[in-house]
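One letter stands for each residue in the lines below.
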Amino acid sequence: MKWIVGLGNPGPQYAKTKHNVGFMALNELAARHGISLNQNKCKSIIGEGVIGGVKTVLIKPMTFMNLSGEAVRAYMDYYKVQLEDMIVVYDDLDTELGKVRLRYQGSSGGHNGIKSIIQHTGTQNFNRVRMGISRPEPGYAIVDYVLSTFAKKDGDKLQDTITSTCDALEFSLKNTFEQTMAKFNG
């Protein structure tokens with residue numbers, strides 16, 4: 001079994017913000033495979049299904065971004081799942097909009113959701129798909145930027161990011177993460 005955690009903030013006011021691309025990717029993946037994200041447990045909205053023959057659980061923490069690790073830990077403790085079966089999907093300022101970058105270890109890079117997961121799991125070693133949102137113009141506060149919506153002109157690039165993320169996640173379920181990185185990091 002694999003479990004995919006998409007990071008974002010709960011509530012309709014955050015639904016279309018840059019910080020919520022992890023949720024957007026999980027929504028797309030769920031739609032592709034007829035998975036209903038309708039279970040409320042472990043501080044998350046969860047959907048279970050089969051993707052490419054692999055039992056997969058999609059998890060959207062409802063803890064707000066900076067407490068994402070609480071939901072990950074709750075799920076791990078309740079279901080006794082392994083960290084190596086987890087993939088975290090989240091927004092990344094240092095990756096250009098339209099691109100994705102995969103990693104299997106490293107620091108939080110200043111991302112509060114990742115920082116929280118590292119704190120609650122005690123390790124920096126877990127699979128990640130970083131969805132590019134690009135950096136704001138100089139002088140634009142990061143917090144305001146990540147909580148803003150995408151410009152209309154960026155719609156195609158946003159869709160490219162979501163599509164690439166879902167393609168990488170599907171591929172990763174049947175291949176090693178190293179193979180997935182080699183294919184999707186370009």
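Conventions we followed
In this numbering scheme, every chain counts its residues from 1 along its sequence in written order. The predicted origin of the model limits local features to residues at a pLDDT of at least 70 and limits the giving and counting of side-chain atom pairs to 80 or more, whereas totals for whole chains, interfaces and linings rest on all residues. As a rule here, side-chain values come from all non-hydrogen atoms in the structure, and water together with hydrogens is ignored. For helices, the fitted line uses only the C-alpha atoms of the stretch in contact; every axis is such a line through C-alpha atoms, and the angle between N-to-C directions lies from 0 to 180 degrees. Runs of H or I in DSSP of at least four residues are treated as helices and runs of E of at least two as strands, each being numbered from the N terminus. Roughly parallel means an angle under 35 degrees; roughly antiparallel, over 145; roughly perpendicular, 65 to 115; everything else is oblique. Two helices cross in a left-handed way if the nearer one is turned anticlockwise from the farther one by less than a right angle. They cross in a right-handed way if the turn is clockwise. The contact criterion used throughout is that any non-hydrogen atoms of two residues lie within 4.5 Å. Two rings from Phe, Tyr or Trp (for Trp, the six-membered ring) form a pair when their centres are within 6.5 Å of each other. A pair whose planes differ by under 30 degrees is stacked, one over 60 is edge-to-face, and the rest are tilted. Summary of the burial criterion: residues with accessible area below 20% of their type's maximum are buried, those above 50% are exposed, and those between are partly exposed, where the area comes from a 1.4 Å probe applied to protein chains only. Cavities and pockets are defined on a 1 Å grid built over the protein atoms alone: a cavity is a set of grid points where a 1.4 Å probe fits but cannot escape, while a pocket is an open set with protein on both sides within 12 Å along at least five of seven lines, and lining residues are those with an atom within 4 Å of any such point. Grid points are joined across faces, edges and corners, and a volume is the space filled by probe spheres set on the points. Just so you know the grouping, Ala, Val, Leu, Ile, Met, Phe, Trp, Tyr, Cys and Pro go in nonpolar, Asp, Glu, Lys and Arg go in charged, and all remaining residues, Gly too, go in polar. In this scheme, strands are said to pair when DSSP sees at least two bridges between them.

*Asks:* How should the packing of helix 5 (residues 155-174) against helix 6 (residues 177-184) be read in this particular structure?
*Replies:* Two quantities define a packed helix pair, namely the angle between the axes and the distance from one axis to the other. Where helix 5 meets helix 6, the axes come as close as 9 Å, and the angle between the chain directions of the two elements is 150°. Viewed along their axes, helix 5 and helix 6 adopt a mutual orientation that is roughly antiparallel. The interaxial crossing formed by helix 5 with helix 6 has right-handed handedness. Taken together, the residues of helix 6 that come into contact with helix 5 (itself represented by S164, D167, A168, F171 and S172) are F177, Q179, T180, K183 and F184.

*Asks:* What should I look at first to understand the packing of aromatic side chains in this one?
*Replies:* Note on aromatic pairs: each is described by the distance of the centres and the angle between the planes. All told, the structure shown has six aromatic pairs when counted by the stated rule. For the pair Y14 and F64, a centre-to-centre distance of 6.0 Å together with 85° between the ring planes defines the contact as edge-to-face. Of the two residues, Y14 is situated in the loop between strand 1 (2-6) and helix 1 (21-33) and F64 in the loop between strand 4 (54-61) and helix 2 (68-79); the sequence distance between them amounts to 50 residues. Using a relative accessible area of 21% as the deciding quantity, one classes Y14 as partly exposed. Taking 5.8 Å as the distance between ring centres and 65° as the angle between the ring planes, the aromatic pair formed by F171 and F184 counts as edge-to-face.

*Asks:* It is not clear to me how the layout of surface pockets should be interpreted in this structure. Could you clarify?
*Replies:* In this approach, a probe sized like a water molecule rolls over the atoms, and the result shows the empty space that is left. Roughly 430 Å³ of internal volume is contained in the largest pocket. Residue assignment for the lining of the largest pocket shows that the elements contributing at least two residues are strand 5 (86-92), strand 7 (127-132) and helix 4 (142-146). Of the residues that constitute the lining of the largest pocket, the class distribution is seven nonpolar, nine polar and seven charged. By volume, the second largest pocket is sized at about 210 Å³. Of the residues in the lining of the second largest pocket, the class split is seven nonpolar, two polar and seven charged.

*Asks:* I tried to follow the side chain of T123 on my own but got confused; where do I start?
*Replies:* Along the chain, T123 falls in the loop between helix 3 (112-121) and strand 7. Non-local contacts of T123, meaning those with residues more than four positions away in its chain, are made with L83 and I118.

*Asks:* Would you mind going over the sheet that holds strand 7 with me for this structure?
*Replies:* What links the strands of a sheet is backbone hydrogen bonding, and the strands pair in either a parallel or an antiparallel sense. The strand order 2-3-4-1-5-7-6 describes an open sheet built from seven strands, whose pairing is mixed. Two strands in the sheet have a free side with no partner beyond their single neighbour: strand 2 (39-41) and strand 6 (100-103). When the angles between neighbouring strand axes are averaged without regard to direction, this sheet yields 25°. Two elements, strand 5 and strand 7, share six bridges in a ladder whose sense is parallel. Following the sheet pairing, V88 is matched in strand 7 by R128. Its contacts with the sheet place helix 5 against strand 1, strand 3 (44-51), strand 4, strand 5, strand 6 and strand 7, and it is angled at close to 165° to strand 7.

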